[in-house]
Amino acid sequence: MTHKIAIITGAARGIGLATTKIFLENDWLVAMIDRDEEELQKVATELTGTLPIGCDVSMPAKVDEMVAKVYSTFGRIDALVNNAGLAYFKPLEETDFDCWRTIMATNLDGVFLCSQAAIPALKESRGAIVNIASISALRASTLRVAYGTSKAAVVHLTKQLAIELGDYGVRANCVSPGPVKTQLAAAVHSPEIIKAYYDGIPLNRSATERDIAETIYFLCSEKASFVTGQMIAVDGGFDASGIGLP
Ligand code: NAD
């Protein structure tokens, strides 16, 4: 049996880990990428069919090395899930340039670098890219100048990838999660933000990691073979409700 191969970044925990599990359940093999090497090795030993690689997605040479390792190990790459991300919630006047750059380096440069490095292999397989943006990409919020701007750029970069790679049969889409109770969210969401958020979600709950991961998998699968250049908000209806972001 020929397995399909996915690269999933930010795979050591949260949405990336849940996404890894869904790909494995569907008989894919997964290159799990994370800069937290210790946590990555720990979780990967429990999961058959994974290749854990420590890599900071904001570092061009490391990304090239990582993609080369995946390709030389498996001989193909069928999907790239650009999930690694960092959050920082401050207004513009309290966002110093180092913080701005740190957020852009992982959330935006990381998507650019991993996509660029994987494109030759994805052209060969007529594969798929799924980028993880956020509902913070969709509306301005006083706390999210760096995070929201980085994610809005990811939505646009997804469209660029879709039109540039369409001739090669490579699809590119993105998923914008609403709030998910992960370590990333815990680090930036105050109790007030959490309450305001959940009060605004028509489905009356936060997302699980698996809610997001299922949509990511769908977009990488043959079932989405004519879907490209799209952004799907997996947010329980938050965006549709029109309520402002806390
Ligand atoms: P998380 O913090 O639980 O996991 C993120 C993982 O990415 C971590 O394992 C971390 O080590 C890794 N990572 C961070 N920077 C990296 C880098 N430069 N190189 C390699 N690995 C790196 O976060 P999560 O909540 O699972 O978020 C996953 C994605 O979903 C992110 O892009 C995030 O912005 C997005 N998102 C999350 C939420 C939410 O509410 N949790 C909402 C919208 C969007």
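Quantities reported herein were computed from a predicted structural model and do not represent experimental measurements.

Chemist: Looking at this model, I keep getting lost on the packing of helix 1 (residues 14-25) against helix 8 (residues 209-220). Mind explaining?
Modeler: Packing of helix 1 against helix 8 brings their axes to within 8 Å, and their N-to-C directions diverge by 55°. With respect to their mutual orientation, helix 1 and helix 8 come out oblique. The chirality of how helix 1 crosses helix 8 is right-handed. Within the contact between the two elements, helix 1 uses Gly 14, Ile 15, Ala 18, Thr 19, Ile 22 and Phe 23 and helix 8 uses Glu 209, Arg 210, Ile 212, Ala 213, Glu 214, Ile 216 and Tyr 217. Of the residues that constitute the contact of helix 1 with helix 8, the class distribution is 8 nonpolar, 2 polar and 3 charged.

Chemist: Sorry if this is basic, but what is going on with the site of the ligand here?
Modeler: Near the ligand lie 29 residues; those nearest to it are Gly 10, Gly 14, Gly 85, Thr 182 and Leu 184. For the shell around the ligand, the secondary-structure elements that each account for two or more residues are helix 1, helix 4 (97-125) and helix 6 (183-188). Its residues assigned to classes, the shell around the ligand shows 12 nonpolar, 12 polar and 5 charged.

Chemist: Explanation requested: the nonpolar core in the structure shown.
Modeler: The tendency in soluble globular proteins is for nonpolar side chains to be buried side by side. Core analysis: the largest hydrophobic core is formed by 68 residues, its most contacted members being Ala 6, Ile 7, Ile 33 and Ala 118. Leaving out residues up to four positions away in the same chain, Ala 118 has contacts with Ile 7, Val 67, Ile 77 and Leu 80. Within the second largest apolar cluster, 8 residues are counted, among which are Leu 86, Leu 143, Ala 146 and Tyr 147.

About the thresholds
- Residues numbered from 1 in each chain as written.
- Predicted model: local features only at pLDDT ≥ 70, side-chain atom pairs only at ≥ 80, totals over all residues.
- Axes fitted to C-alpha atoms, helices over the stretch in contact; angles between N-to-C directions.
- Helix = DSSP H or I, 4+ residues; strand = E, 2+ residues; numbered from the N terminus.
- Parallel < 35°, antiparallel > 145°, perpendicular 65-115°, else oblique.
- Left-handed = near helix turned anticlockwise from the far one by under 90°.
- Contact = placed C-beta atoms within 7 Å.
- Nonpolar A, V, L, I, M, F, W, Y, C, P; charged D, E, K, R; others polar.
- Near = placed C-beta within 6 Å.
- Core = buried A, V, L, I, M, F, W, Y, C linked by C-beta atoms within 7 Å.
- Buried ≥ 20, exposed ≤ 12 C-beta atoms within 10 Å, placed from the backbone.

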